[in-house]
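Observations on chain architecture
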Amino acid sequence: MFYKTSIFLLLSTACLLTAAQMSVNLSKAEVPSSTILPEKHKTTTTSTSSTSTTTTTTTTTTAAPTTTSTTTTTTTTAAPTTTTSAPDTTTPTTEAPVTTTTAKPEPPKPYPQPDVATWNSTCIMVKMAVQLNFTYETKDNKMVYGLYNIPKDAVVDHVDCDKNTTESMQINWGPADAQHIMVMNFERGNGTTNMTMIMFTLPLLNTTFPDAKENQTVQLIHRSNEFSAPLKMSYHCTRPQYLNLTETIDSQVVGVAKVHDVQVEAFRAAGATGFSTARDCDSSETSDVAPIAVGIALGALILIVLISYLCARRRSTSRGYMSF
């Protein structure tokens, strides 16, 4: 019996030592913080060693579960601060901009109108303004139009008054080695006078036609009955008139002469000092033949009526005498 009791005590002591050792080891054990044990899984180990004299109770307390809190970081962004500067009322001193004025090209000036000139001789007197518009050849072999005015200072160079039916006047101007010439021919017949021809000879000088081909002379002519007036009267016309001009070598029209403020008289009486009575170009002109013919017809009709009346009266008288 003692032997069994001793063995039982030895075994109990060994169990207690083992349990104590295990209790110490578990008290020092670290529970991982990442492991959360629910309440129902809490483990309490109680070792009870009972001997006849001592009772040891070991209580292992499981640490409360560690709660991992998630921290939310709130980032606050500061609102941008806009600073508006007060306007600067100080006017900066700057240099005035330099204004560049571009001169506008002047429009081409109109060609001047010709002056009215008077040319007087023994038998012919002419007053008019003349402007020529004609074609000529340039240095680059092109045909262009040019304007030219007969100058007021042109002079009478030659007059032919010896013939009874024709008269002529030549007017010259320009340098001696390049004379410009205008010639007019007049004829008379049936009680009237007419200008039958006017001709111009123009050397094209560099001073007047700088683009003209060198050594070029233009000769223009107009043949027609113009400026008609009764004999011993002058022709007068203020409005512009246009005369076609052709080259002397052919009849192709190459220009025109514009004349205005015209008064012309040819076959003047010797010693005349001015123009005779003028016939205007716009005045109505009635032929004398028609009034004369009408007058003769009316006179003949009146004469026939009168003769018929006298004859009838004589017959009536004769019958009266016979009745007695």
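Everything numeric in this text was worked out from a predicted model, so none of it was measured. (Residues numbered from 1 in each chain as written. Predicted model: local features only at pLDDT ≥ 70, side-chain atom pairs only at ≥ 80, totals over all residues. Heavy atoms only, no water.)

Focus on the layout of surface pockets
Just so we agree on the cut-off: Buried and open spaces are told apart on a 1 Å grid over the protein atoms alone, a cavity being a set of points where a 1.4 Å probe fits but cannot get out and a pocket being an open set with protein on both sides within 12 Å along at least five of seven lines. Residues with an atom within 4 Å of a point are the lining residues. Grid points are joined across faces, edges and corners, and a volume is the space filled by probe spheres set on the points. Helical segments are the DSSP runs of H or I of at least four residues, strand segments are the runs of E of at least two, and each set is numbered from the N terminus. We call Asp, Glu, Lys and Arg charged. Ala, Val, Leu, Ile, Met, Phe, Trp, Tyr, Cys and Pro are nonpolar, and the rest, Gly among them, are polar.
The volume enclosed by the second largest pocket comes to roughly 170 Å³. What lines the second largest pocket is a set of 13 residues, among which Thr 135, Thr 217, Val 218, Gln 219 and Glu 247 lie closest to the centre. Of all the secondary-structure elements, those providing two or more residues to the lining of the second largest pocket are strand E4 (125-137) and strand E10 (217-230). Looking at which element gives the most residues to the lining of the second largest pocket, the answer is E10, with four residues. Looking at the lining of the second largest pocket, its residues break down into six nonpolar, five polar and two charged.

Topic: the pattern of salt bridges
Put simply, the rule is: Salt bridge, as applied in this entry: a Lys or Arg side-chain nitrogen positioned within 4 Å of an Asp or Glu carboxyl oxygen. For the exposure calls, accessible area comes from a 1.4 Å probe over protein chains only, and a residue counts as buried if that area is under 20% of its type's maximum, exposed if over 50%, partly exposed in between.
Scanning all chains against the criterion turns up two salt bridges. For Arg 239, the salt bridge goes to Asp 282, with nearest N and O atoms at 2.9 Å. Here Asp 282 lies in the loop between strand E14 (278-280) and helix H2 (289-323) and Arg 239 lies in the loop between strand E11 (234-237) and strand E12 (241-247), a separation of 43 residues in the sequence. Its relative accessible area of 40% is what places Arg 239 among the partly exposed residues. Residue classification places Asp 282 among the exposed positions, given a relative accessible area of 54%.

Points about empty space enclosed by the protein
In the structure shown here, the tally under the stated rule is one cavity of 30 Å³ or more. What lines the largest cavity is Phe 186, Thr 193, Asn 194, Met 195, Phe 227, Ala 229, Met 233, Ser 234, Tyr 235, Val 264, Glu 265 and Ala 266. The biggest single contributor to the lining of the largest cavity is strand E9 (residues 192-203), with three residues.

As for the pairing of strand E3 (residues 117-120)
Definition in use: In this analysis, strands are considered paired if DSSP registers two or more bridges between them.
Alternating residues of E3 divide into Ala 117 and Trp 119, all buried, and Thr 118 and Asn 120, none buried. For E3 and E4, the ladder comprises four bridges, and the chain directions are antiparallel. Each bridged residue has a counterpart across the sheet, and for Thr 118 the counterpart in E4 is Lys 127. Hairpin connection between E3 and E4: a loop of four residues separates the two successive antiparallel strands.

Considering the packing of aromatic side chains
Stated formally: Each Phe, Tyr or Trp ring (for Trp, its six-membered ring) is paired with any other whose centre lies within 6.5 Å, and the angle between the two planes then decides the class: stacked below 30 degrees, edge-to-face above 60, tilted in between.
Under the criterion given, the structure shown has five aromatic pairs. Here a set of aromatic residues connected by ring pairs shows up, and it is made of Phe 134, Tyr 136, Tyr 148 and Phe 209.

Thoughts on the pairing of E11
Taken together, the three bridges between E11 and E14 define a ladder with parallel strand orientation. Across the sheet, residue Tyr 235 finds its bridge partner in E14, namely Arg 279. Sheet analysis places E11 next to strand E13 (residues 253-265), joined by three bridges and oriented antiparallel. Of the residues in E13, the one forming a bridge with Tyr 235 is Val 264.

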